[in-house]
Amino acid sequence: MRVEVRDLVLRYGEKTALDGISLSLPENKIYGLLGRNGSGKTSLLSVLAGFRRESAGEVLVDGDPVFENAAVTSRISLIRDVGETTDLGTVDDALFFAEWLREDWDAEFARELLERFKLTRKMTVKTMSTGQRSALGVIIGLAGRAPLTMFDESYLGMDAPARAEFYDVLLADYMANPRTIIMSSHLIEEVSPLFEQVVIIDLGRLVVHEEAQTLLARGISVTGAAAPVDAFTEGLTVLGSRQLGATKSVMVYGDLDEARRREAAAAGLELGPIAMQDLFLHLTVDPR
Ligand SMILES: Nc1ncnc2c1ncn2[C@@H]1O[C@H](COP(=O)(O)OP(=O)(O)OP(=O)(O)O)[C@@H](O)[C@H]1O
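Residues numbered from 1 in each chain as written. Predicted model: local features only at pLDDT ≥ 70, side-chain atom pairs only at ≥ 80, totals over all residues. Heavy atoms only, no water.

The name an unreviewed UniProt entry assigns to the protein is ABC transporter, from the organism Acrocarpospora corrugata.

See the structure below:
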């Protein structure tokens, strides 16, 4: 499903959580939604899922408004963080409910996922560990095959091997059954290889919406003797810098054409990539 958001504002009383976000997400891609704590990720996903009504602006999924539109919301799945499924009975009850809710539910796939994540149908959700509850959320999200599926940090409770398993399964299933997937996460380095496009929000505003590869290509570290590094990076958008003795490394954000790259080489400077995590840190404001 394709998502169009225009001038979206969401207020909680006096608090403005989303402050005029416009976004256009073509269908059948995997999107990463990144932002610091309190930047508005959960708020945005809640509005996209129709859990909350926008205070202003427009939210369209496949061209239709979302809020109180069952025909659209029945095809949207938002898997939130752990804990929200705690008052359900057993795993079997949770799966039964999910199957009833989701028209594209794949019962065989759900069975396979239960085995992969080592859950049994008899387990009582309330007494399951955090990681097991996360896994249940992930199973419901994957087997639901909703045309718009969103994971709001839902897999953070799982341990590293379980998360790796989730990423593998997600990618394989997405290839076989393309759909629009939005994932919010704090584990940027870990999940960023999955993203085709990245959306970064900060303080309720859109900071970046880019192809992941383009975003990574725009982040460049320039390393060498301090004086030529300073001369080369003057006028560029500098994200941060480090100096060790006479060697300086400056992170810049922008497009460097071939001529500029040759110029750097001629000045004895080394150009290198920046990790997604570093780009993220420097493109957003520390809320503390
Ligand atoms: N129900 C609410 N009532 C009042 N303010 C809220 C409510 N929910 C969220 N907020 C505020 O709105 C802002 C955005 O919150 P949101 O939960 O969307 O951020 P987030 O990016 O998902 O954060 P995190 O990464 O910490 O989960 C925050 O300042 C938060 O305090």
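Time to look at the sheet that holds strand β12 (residues 237-244). Hydrogen bonds between backbone atoms are what pair the strands of a sheet, whose relative direction is either parallel or antiparallel. Spatially, β12-β13-β11-β14 is the arrangement adopted by the four strands of the open sheet, whose pairing is antiparallel. Two strands in the sheet have a free side with no partner beyond their single neighbour: β12 and β14 (270-273). Each adjacent strand pair in this sheet contributes to an overall mean axis angle of 25°, direction not counted. One ladder, built from seven bridges, connects β12 with strand β13 (residues 247-253); its direction is antiparallel. (Pairing = 2+ DSSP bridges. Helix = DSSP H or I, 4+ residues; strand = E, 2+ residues; numbered from the N terminus. Axes fitted to C-alpha atoms, helices over the stretch in contact; angles between N-to-C directions.)

Right, let's get into the site of the ligand. Lining the immediate surroundings of the ligand are 14 residues, of which Gly38, Gly40, Lys41, Thr42 and Ser43 lie closest. At a separation of 3.3 Å, an oxygen atom of the ligand approaches a polar side-chain atom of Lys15. Contacts to the ligand include Ser43, whose side-chain N or O atom sits 2.5 Å from an oxygen atom. Coverage of the ligand by the protein amounts to 64% of the 630 Å² it exposes when considered alone. Going through the elements one at a time, β2 (15-25) and α1 (41-48) are the ones with two or more residues in the shell around the ligand. Sort the elements by how many residues they give to the shell around the ligand and α1 lands first, with three residues. (Near = heavy atom within 4 Å. Polar contact = N/O pair within 3.5 Å; in protein donor to acceptor, adjacent residues only side chain to side chain. Areas by Shrake-Rupley, 256 points an atom, 1.4 Å probe, with all protein chains shown as cover.)

On to the domain arrangement of the protein. Annotation of the protein at the domain level lists domain 1 (3-203) and domain 2 (215-283). Distance between the C-alpha centres of domain 1 and domain 2: 36 Å. On the side of domain 2, seven residues touch domain 1, which itself brings nine residues to the contact. Of the roughly 780 Å² buried where domain 1 meets domain 2, counting both sides, 72% is carbon and sulfur surface. Summed over the shared surface of domain 1 and domain 2, the result is zero salt bridges. Counting across the interface, domain 1 meets domain 2 through three residue pairs in polar contact (both at pLDDT 80 or more). The set of elements that each furnish at least two residues to the side of domain 1 that touches domain 2 consists of α7 (188-191) and β9 (197-202). Across the side of domain 1 that touches domain 2, the residue classes break down as four nonpolar, three polar and two charged. (Domains from an automatic or database assignment. Contact = heavy atoms within 4.5 Å. Buried area = accessible area lost by both parts, 1.4 Å probe. Salt bridge = Lys/Arg side-chain N within 4 Å of Asp/Glu carboxyl O. Nonpolar A, V, L, I, M, F, W, Y, C, P; charged D, E, K, R; others polar.)

Attention now goes to the sheet that holds strand β7 (residues 148-152). A sheet is described by the order of its strands in space; here six strands give the open sequence β6-β7-β8-β3-β9-β10, paired in mixed fashion. A strand with exactly one partner marks an edge of an open sheet, and here the two such strands are β6 (76-79) and β10 (205-211). The sheet shows a mean angle of 15° between the axes of neighbouring strands, direction not considered. Note that β9 and β10 share six bridges and pair antiparallel. Within the sheet, the bridge partner assigned to Val199 lies in β10 and is His209. Helix α5 (residues 130-144) contacts β6 and β7 of the sheet and is inclined by roughly 165° relative to β6.

Grouped together as the largest cluster of nonpolar side chains are 51 residues, with contacts concentrated most on Phe166 and Met183. Looking at which element gives the most residues to this core, the answer is α5, with seven residues. Viewed by domain, this core spans two of them, domain 1 (3-203) and domain 2 (215-283), each represented by three or more residues. Each residue touching Met183, except ones within four places of it in the same chain, is listed here: Ile30, Tyr31, Gly32, Leu33, Phe151, Tyr155, Phe166, Leu170, Val191, Leu194 and Phe195. Counting 27 residues, the second largest nonpolar core, distinct from the first, contains Leu44, Val47, Ile76 and Val199. (Core = buried A, V, L, I, M, F, W, Y, C linked by side-chain atoms within 4.5 Å. Buried < 20%, exposed > 50% of the residue type's maximum accessible area, 1.4 Å probe, protein only.)

Locating Ala56 in the fold gives a position in strand β4 (residues 56-61). Between the C-alpha atom of Ala56 and that of Ala107, which follows or precedes it by 51 residues, the distance is 39 Å. Apart from residues no more than four positions distant in its own chain, Ala56 is found in contact with Asp7, Leu8 and Val9.

Attention now goes to the pattern of salt bridges. The full count for this structure, using the stated rule, is 14 salt bridges. Between Asp62 and Arg2 there is a salt bridge; the shortest N-O distance is 3.9 Å. Taken together, the residues span a long stretch of sequence, with Asp62 in the loop between β4 and β5 (64-65) and Arg2 in the segment before β1 (3-12) at a distance of 60 residues. On the basis of relative accessibility, which here comes to 38%, the residue Arg2 falls in the partly exposed class. Of the charged contacts, one joins Arg145 and Asp106 as a salt bridge, the two residues approaching to 2.8 Å between their closest N and O atoms. Taken as a pair, Arg145 in the loop between α5 and β7 and Asp106 in the loop between α3 (91-101) and α4 (107-116) lie far apart in primary sequence, 39 residues in all. Residues joined by salt bridges that share partners form a network here, namely Asp106, Arg145, Asp173 and Arg179.

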